[in-house]
Amino acid sequence: WRSHGKPKWNVKIKSAMAVMLDGKLFGIGGNHLLYERVWTGSSWTWTDHGKPSYNIFNPTNFQEEPCVLADGKMFATTLQGDLYERHWTGSQWAFGSHSNPGTDIEGCSAVRGSTDMVFLRGFDGTLRERFWNGNAWAWRNHGRPAPGVDAFGTTSSYAISGPTTRVFVPGRNGHLYRFTLDAANQGSWQDLQAPPGKSVRKVHATASGGIFAITDDGDVCSWWFGTWTCYGKPDGKHVWDCSDPILIDNQYHPINRLFCVHTGSSQEVYQLSVYSSEGGWWVNRGKPSGTNTFVDRPTVMFSGPYSRVFVPANDGKVYELYPPGQP
């Protein structure tokens, strides 16, 4: 483990660090400003991106983990229920306002499929999409996952061949729902149910890493081709949240991997590795010295063949779990 410190002596990082690419991450401070942790080529440094221009009637306070669309473009929601983007113009960083679609929004995920798309959960229980129509940004309302069932929590989305976009979101009834949007912008909902006897609380999915859910009883389960498989609790500890799943393609067989944190007053990071024919196994990766709890989930950054895990702790610092011998 190593410490990346805080952006400023009096600013604590309060969100997970969204990974833009190798050596570039973004997070939200306790002062509701946007910060970047970036590798300059010789050292790590913090950059203060601030927040959009504001006044007493429009404070624009960022509230949660940003979502990255591509290198040079990311999105974040505010406590006021609006969506903003931060993009690189070619010479400098700039903010852009996307407001909201008539309901407050949160829990974004972004994907570059047939076009640029950002998916969010509306406070009215619907799935909302902000997309580029070729000339301008526009909103689409994809409704509730099922009649009488509100979307709940944060969305998770990715693009596959076709191009087809898949968005995953838990429902208030404890089921996991998948929304599929094709290249003709025709969408449909599918109820993926829930692991037997459990309710889905959070979901993290990637095209290569798979679809994983955290359940109300602290278990981690995956959905594969219509079947749920659960992997238990690490050392009997209830899992609170996890990173997006990644695919590790080693010389023997591909492995799906997540990094998770559990509930309790002395939290550690656990690594879950899943191989289809052998099930899953947990490894305790410990915690940084002097920390007791984490304030948000881990995120994973790839540096060549190596994966690095970043997680914000209760002392306001960001810590990195990295392979020995790597800079």
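Residues numbered from 1 in each chain as written. Predicted model: local features only at pLDDT ≥ 70, side-chain atom pairs only at ≥ 80, totals over all residues. Heavy atoms only, no water.

(A) Main features of the overall build of the protein. Scanning the protein from N- to C-terminus turns up zero helices and 29 strands. Each principal axis of the C-alpha atoms in the protein carries an extent, and together these give about 50 × 50 × 35 Å. Looking at the protein as a whole, 55% of its 327 residues are labelled buried. Counting contacts in the protein only where the partners sit at least 6 residues apart, residues at least 24 apart contribute 41% of the total. Seen as two clouds, the 30 positive and the 28 negative side-chain charges of the protein have centres 4 Å apart. (Helix = DSSP H or I, 4+ residues; strand = E, 2+ residues; numbered from the N terminus. Buried < 20%, exposed > 50% of the residue type's maximum accessible area, 1.4 Å probe, protein only. Contact = heavy atoms within 4.5 Å. Lys, Arg positive; Asp, Glu negative; His and termini not counted. Charge placed at Lys NZ, Arg CZ, Asp CG, Glu CD.)

(B) The packing of aromatic side chains, seen in detail. Within this structure, the stated rule accounts for 13 aromatic pairs. With a centroid separation of 6.4 Å and 80° between ring planes, the pair formed by Y270 and W282 is classed as edge-to-face. Of the two residues, Y270 is situated in strand 25 (residues 269-275) and W282 in strand 26 (residues 279-284); the sequence distance between them amounts to 12 residues. Both residues of the pair, Y270 and W282, belong to the buried class. For the cation-ring pair, R86 lies above F95, with the distance from its terminal atom to the ring centre recorded as 4.1 Å. If you follow R140 out to its NZ or CZ, it ends over the ring of F131, 3.6 Å from the centre. (Phe/Tyr/Trp six-rings, centres within 6.5 Å; stacked < 30°, edge-to-face > 60°. Lys NZ or Arg CZ within 6 Å of the ring centre and 35° of its normal.)

(C) Representation of the state of the cysteines within the structure. Throughout the structure, instances matching the rule amount to three disulfides. The residue that forms a disulfide with C67 is C108, at a sulfur-sulfur distance of 2.2 Å. When the S-S torsion is -125°, as for the bridge of C67 with C108, the disulfide is left-handed. Taken together, the residues C67 in strand 6 (residues 67-70) and C108 in strand 10 (residues 105-112) connect sequence positions 41 residues apart. Owing to a relative accessible area of 8%, C108 belongs among the buried residues under this scheme. Each sulfur in the disulfide pair C221 and C230 lies 2.1 Å from the other. (Disulfide = S-S within 2.5 Å.)

(D) Focus on the pairing of strand 3 (residues 24-28). Taking burial as the measure, the five residues of strand 3 include five buried ones, the bulk of the element. Residues K24, F26 and I28 of strand 3 are buried on one face, and the alternating residues L25 and G27, pointing to the opposite face, are buried as well. A loop of two residues connects strand 2 (residues 18-21) with strand 3, the two strands running antiparallel in sequence, and G23 in this loop sits at a positive phi of about 90°. In this antiparallel pair of consecutive strands, strand 3 and strand 4 (residues 34-39), the connection spans five residues, and H32 shows a positive phi of 70°. (Pairing = 2+ DSSP bridges.)

(E) Molecular detail of the sheet that holds strand 3. Strands sit in the order 2-3-4-5 across an open sheet of four strands; the sheet is antiparallel. Strands with a single pairing partner mark the edges of an open sheet, and in this sheet they are strand 2 and strand 5 (44-50). Put simply, the sheet's adjacent strands are angled 25° from each other on average, direction ignored. Bridge count between strand 4 and strand 5: six bridges; the pairing is antiparallel. Following the sheet pairing, V38 is matched in strand 5 by T45. (Axes fitted to C-alpha atoms, helices over the stretch in contact; angles between N-to-C directions.)

(F) Quick look at the side chain of S156. Structurally, S156 can be placed in strand 14 (residues 156-160). Assessed through its relative accessible area of 6%, S156 is described here as buried. Dropping the residues within four chain positions of it, S156 is found in contact with S109, R166, V167, F168, V203, H204 and A205.

(G) A look at the sheet that holds strand 11 (residues 116-122). If you trace the four strands from one edge of the open sheet to the other, you get 10-11-12-13, paired in antiparallel fashion. Pairing within the sheet leaves two strands with one partner each, and these edge strands are strand 10 and strand 13 (137-141). For this sheet, the mean inter-axis angle between neighbouring strands, taken without regard to orientation, is 25°. Across five bridges, the pairing between strand 12 (residues 127-132) and strand 13 is antiparallel. Opposite F131, over in strand 13, you have A138 as the bridge partner.

Everything listed here is a matter of coordinates, which is why it stays silent on function.
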